[in-house]
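Spelled out from the first residue to the last, the chains are:
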Amino acid sequence: MMNDIIADALTRIRNAAMRKLEVATLLHSNTVVGVLNVLLQKEYITGFKVIDGQNNKKTIQVELKYDDNEKSVINEIKRVSKPGRRVYKNASEIKNFKNGYGTIIVSTNKGVLANDEAHAANVGGELLCTVW
């Protein structure tokens with residue numbers, strides 16, 4: 001039984017990137033798909049697809065992105081809000097991260113958004129993770 005499916009997904013992406021794999025396989029949840037949509041939009045990954053498995057268990061295949069020197073474009077991907085300690089911020093507190101080079105992924109009532117979108121839409125929420 002897994003408690004934190006988002007932390008598991010981030011760890012699988014991190015491990016696959018360290019091993020220079022092309023694809024990471026994650027467990028499916030709508031929140032994880034939301035996080036991947038932000039990563040895709042911010043060009044940290046090249047793509048992903050949801051795959052129906054046996055016993056109604058879905059998985060997600062994530063295509064990792066590397067630069068010309070075969071280094072992962074994700075320098076660091078970290079979970080912020082954990083099951084034991086949730087972290088919430090309002091819109092004015094979600095500005096930029098790493099001087100705009102990084103992205104904070106926020107779960108809001110308008111869905112999973114990047115920090116700049118959440119700030120523009122004037123919505124706060126739970127800080128899921130940071131990426132740069």
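Naming follows an unreviewed UniProt entry, where the protein chain appears as Small ribosomal subunit protein uS8 of Arcobacter caeni. Listed under Function (unreviewed entry) in UniProt, the entry text for the protein chain is "One of the primary rRNA binding proteins, it binds directly to 16S rRNA central domain where it helps coordinate assembly of the platform of the 30S subunit." Quoted verbatim from the Sequence similarities (unreviewed entry) field of UniProt, the annotation for the protein chain is "Belongs to the universal ribosomal protein uS8 family."

Visitor: Outline the nonpolar core, listing residues and values.
Guide: Core analysis: the biggest nonpolar cluster contains 27 residues, and Leu 26, Leu 36, Leu 39, Ile 60, Val 62 and Ile 105 have the highest contact counts within it. For this core, the secondary structure elements donating two or more residues are α1 (5-18), β1 (23-27), α2 (30-41), β2 (45-52), β3 (58-64) and β8 (125-131). Membership of the second largest hydrophobic core comes to six residues, among which are Val 87, Ile 94, Val 106 and Leu 127.

Visitor: Requested: an account of the environment of Gln 54, with residues and values cited.
Guide: Within the element layout of this structure, Gln 54 appears in the loop between β2 and β3. Classification of Gln 54 by relative accessible area gives exposed; the value is 65%. Through-space distance from the C-alpha of Gln 54 to that of Asn 90 is 40 Å; in sequence the pair is 36 residues apart.

Analysis parameters
- Residues numbered from 1 in each chain as written.
- Predicted model: local features only at pLDDT ≥ 70, side-chain atom pairs only at ≥ 80, totals over all residues.
- Heavy atoms only, no water.
- UniProt positions renumbered as here; feature names shortened; annotations may be inferred.
- Core = buried A, V, L, I, M, F, W, Y, C linked by side-chain atoms within 4.5 Å.
- Buried < 20%, exposed > 50% of the residue type's maximum accessible area, 1.4 Å probe, protein only.
- Helix = DSSP H or I, 4+ residues; strand = E, 2+ residues; numbered from the N terminus.

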